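One letter stands for each residue in the lines below.
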Amino acid sequence: MSRNGTTSFSMHGGLIRMMNLSGSGYLSRPSEAVFNSSASFSIIAWIKKETPATQFPIVAKSAGFTWSTELNFFFVHGSSDNLNLTIGDASAATSFTQAAPVGEIYFAGCSYDPGNAVVLYMGTQADGFQTFVFTSDIPASRNSASATEVTIGATSGGQNQA
């Protein structure tokens, strides 16, 4: 994992415990075969998005936020203040969204089961844990995006948006 720009985080037992992406920093990992497959995956994170109506990238393997052959997936707290998982396949980008909180810490997660389901997970102290299941229009595969790195906290072009 490479650090880009200014990032601050603490480690415990080889795992990132907390990462601050309030400036221009993000983490990246070069493309590897394991990231290029169309297998199912899950992502979890604790998020605190301070500024409404801005895009906050969580994890992505994509050269941008619109469809291209280099869009494998991106998981973001979107500019419409929603939790969004977008999957790119050979012909389109398919998005799955749910309203998300701003200004409080919340649990965010997603899982992708090719051709079957996308699940978004969200939890706050006030609202408890919620699960949102999507079973229509689930892409059966993802673009390999073999030239695209995996990023945490980076928009396309390799910069962070707070």
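Whatever comes next refers back to the structure up there.
Conventions used here
Residues numbered from 1 in each chain as written. Predicted model: local features only at pLDDT ≥ 70, side-chain atom pairs only at ≥ 80, totals over all residues. Heavy atoms only, no water. Phe/Tyr/Trp six-rings, centres within 6.5 Å; stacked < 30°, edge-to-face > 60°. Helix = DSSP H or I, 4+ residues; strand = E, 2+ residues; numbered from the N terminus. Buried < 20%, exposed > 50% of the residue type's maximum accessible area, 1.4 Å probe, protein only. Pairing = 2+ DSSP bridges.

### Quick word on the packing of aromatic side chains
All chains considered together, the criterion is met by 6 aromatic pairs. Summarising the aromatic geometry, the rings of Phe96 and Phe134 are spaced 5.5 Å apart at their centres and angled 55 degrees between planes, so their arrangement reads as tilted. Highlighted residues: Phe96 in strand E9 (residues 93-99) and Phe134 in strand E12 (residues 128-134), separated in sequence by 38 residues. The buried category is assigned to Phe96, whose relative accessible area is 4%. Given a relative accessible area of 22%, Phe134 falls into the partly exposed group.

### Here we look at the pairing of strand E10 (residues 105-113)
Here E10 lies mainly inside the structure; 7 of its 9 residues are buried. Examined bridge by bridge, strand E5 (residues 41-48) and E10 share 8 bridges and lie antiparallel to one another. Across the sheet, Trp46 pairs through a bridge with Phe107, a residue of E10. The sheet contact formed by E10 and strand E11 (residues 117-124) spans 7 bridges and is antiparallel. Paired with Cys110 across the two strands is Leu120, which belongs to E11. Connecting E10 to the next strand, E11, in antiparallel fashion are 3 residues, including Gly115 with a positive phi near 75 degrees.

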